[in-house]
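# Summary of the model geometry
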Amino acid sequence: MNFVEARLAKLARNGDRNAFAELVELYKDKIFHLAYRMLNNKQEAEDAVQETFLRVYTNLHRYDENQKFSTWIFRIGTNLCIDKLRRRKNTYSLDAEMPDGEGNDYYAMLPSHEDTPEKQIIVSETQEQIRNAIDTLPEKYKSIVILRYLQDMSLQEISEVLDMPVTTIKTRVHRGREYLRKRLEQEEQDANTNPVPR
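The structure reproduced in this document is the subject of the present report. Numbers given for residues are sequential positions, taken from 1 along each chain in its written order. Owing to the predicted nature of the model, reporting of local features is limited to residues with pLDDT of at least 70; listing and counting of side-chain atom pairs is limited to 80 or more, with chain, interface and lining totals taken over all residues. Think of the side-chain values as coming from all heavy atoms in the structure, minus any hydrogens and water.

### Comments concerning the packing of helix H3 (residues 42-58) against helix H4 (residues 69-88)
Axis definition: a line fitted to C-alpha atoms, over the contacting stretch in the case of helices. Angles run 0 to 180 degrees between N-to-C directions. Counting from the N terminus, the helices are DSSP H or I runs at least four residues long and the strands are E runs at least two residues long. At a minimum axis distance of 10 Å, the contact between H3 and H4 shows a crossing angle of 130°. As far as their axial angle goes, H4 and H3 are oblique. Crossing angle aside, the handedness with which H3 passes H4 is right-handed. Across from Glu44, Asp47, Ala48, Glu51, Thr52, Phe53, Arg55 and Val56 in H3, the residues of H4 making contact are Phe69, Trp72, Ile73, Ile76, Gly77, Leu80, Cys81, Asp83, Lys84 and Arg88. Gly falls in the polar group here, along with every residue not listed as nonpolar (Ala, Val, Leu, Ile, Met, Phe, Trp, Tyr, Cys, Pro) or charged (Asp, Glu, Lys, Arg). Here the contact of H3 with H4 is composed, by residue class, of nine nonpolar, two polar and seven charged. Every angle not falling under 35 degrees, over 145, or within 65 to 115 is termed oblique; those three ranges are roughly parallel, roughly antiparallel and roughly perpendicular. Put simply, a crossing is left-handed when the front helix is turned counterclockwise from the back one by less than a right angle, and right-handed when it is turned clockwise. Any two residues having at least one pair of non-hydrogen atoms within 4.5 Å are treated as being in contact.

Structure representation (structure tokens):
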């Protein structure tokens, strides 16, 4: 696959619009999923996809055919999302409500073998808790956790995408997981000490 992508990139660099269109087709959904998970906003994710491909197109001359195209494009997309998160940090509220029904299964980190409506509600609530916990992760852990667990990238791939040593990635994955675990445990404790009246 890498050979095909490298060839398409080379053709696109030489002005072949069809080759670039094929690259867009190969990666637009993957970049959208990455952006949506990082930004938690459909419109911003769509904008990020557009900007990513614009940057890819204008920087094709910089693409090194010895590295995987996927690593290169994910680096561009991830950095763009990180920039967007930094820009909105001042106005963004961590408690902001999720748009109802928007990407409800996005963080489907639990297998959902639903049997009953009650179990569906529990699974849905758990997914929302995990999604909300991921949204509160400090910036330096958030992109790594998303790339590791939601994009299923290896530590080496994340290292290449974010241009960081594997040891740093490993540490941040571990700390990000710990942060999520503590956050979810705290929510569980809060729910048990303040049960919602029925």
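Back to the write-up after that little detour.
### Concerning the nonpolar core
Only buried Ala, Val, Leu, Ile, Met, Phe, Trp, Tyr and Cys residues count toward a nonpolar core, and they belong to the same one when joined by side-chain atoms within 4.5 Å. Type-normalised accessible area, obtained with a 1.4 Å probe on protein chains alone, sets the label of each residue: buried when under 20%, exposed when over 50%, and partly exposed for intermediate values. Val56 and Phe69 are the most contacted members of the largest nonpolar core, which has 47 residues in total. At the level of elements, helix H1 (2-13), helix H2 (17-39), H3, H4, helix H5 (117-135), helix H6 (139-150), helix H7 (155-162) and helix H8 (166-193) are the ones that each hand at least two residues to this core. Looking at which element gives the most residues to this core, the answer is H2, with 11 residues. Leaving out residues up to four positions away in the same chain, Val56 has contacts with Phe20, Phe69, Trp72, Ile73 and Ile76.

### Focus on the packing of aromatic side chains
Here a pair means two rings of Phe, Tyr or Trp (six-membered ring of Trp) with centres within 6.5 Å. Their orientation is stacked below 30 degrees between planes, edge-to-face above 60, and tilted elsewhere. Tallying each qualifying case throughout the model produces seven aromatic pairs. Judged by centre distance (6.4 Å) and plane angle (85°), the rings of Phe20 and Phe53 are edge-to-face. Of the two residues, Phe20 sits in helix H2 while Phe53 sits in helix H3, which places them 33 residues apart along the sequence. With a centroid separation of 5.3 Å and 80° between ring planes, the pair formed by Tyr63 and Phe69 is classed as edge-to-face. We note that Tyr63, like Phe69, is buried.

### Notes on unusual backbone geometry
Generally, phi is negative for residues other than glycine and the peptide bonds are trans, each holding for most cases. A positive phi angle is found at Asn40, which is not glycine, with a value near 60°. Residue classification places Asn40 among the buried positions, given a relative accessible area of 10%. Non-glycine residue Asp163 carries a positive phi angle of around 55°. Relative to the elements of secondary structure, Asp163 occurs in the loop between H7 and H8.

### Topic: the packing of H6 against H7
Helix-helix packing: each pair is described by the crossing angle between the helix axes and the interaxial distance. Contact pair H6 / H7: the axes reach a minimum separation of 10 Å and the direction vectors enclose 135°. Taken together, the axes of H6 and H7 lie oblique to each other. The handedness of the crossing between H6 and H7 is right-handed. Contacts from Ser143, Ile144, Leu147 and Arg148 of H6 reach H7 at Leu155, Ile158, Val161 and Leu162.

Shape is all these values report; function is a separate question.
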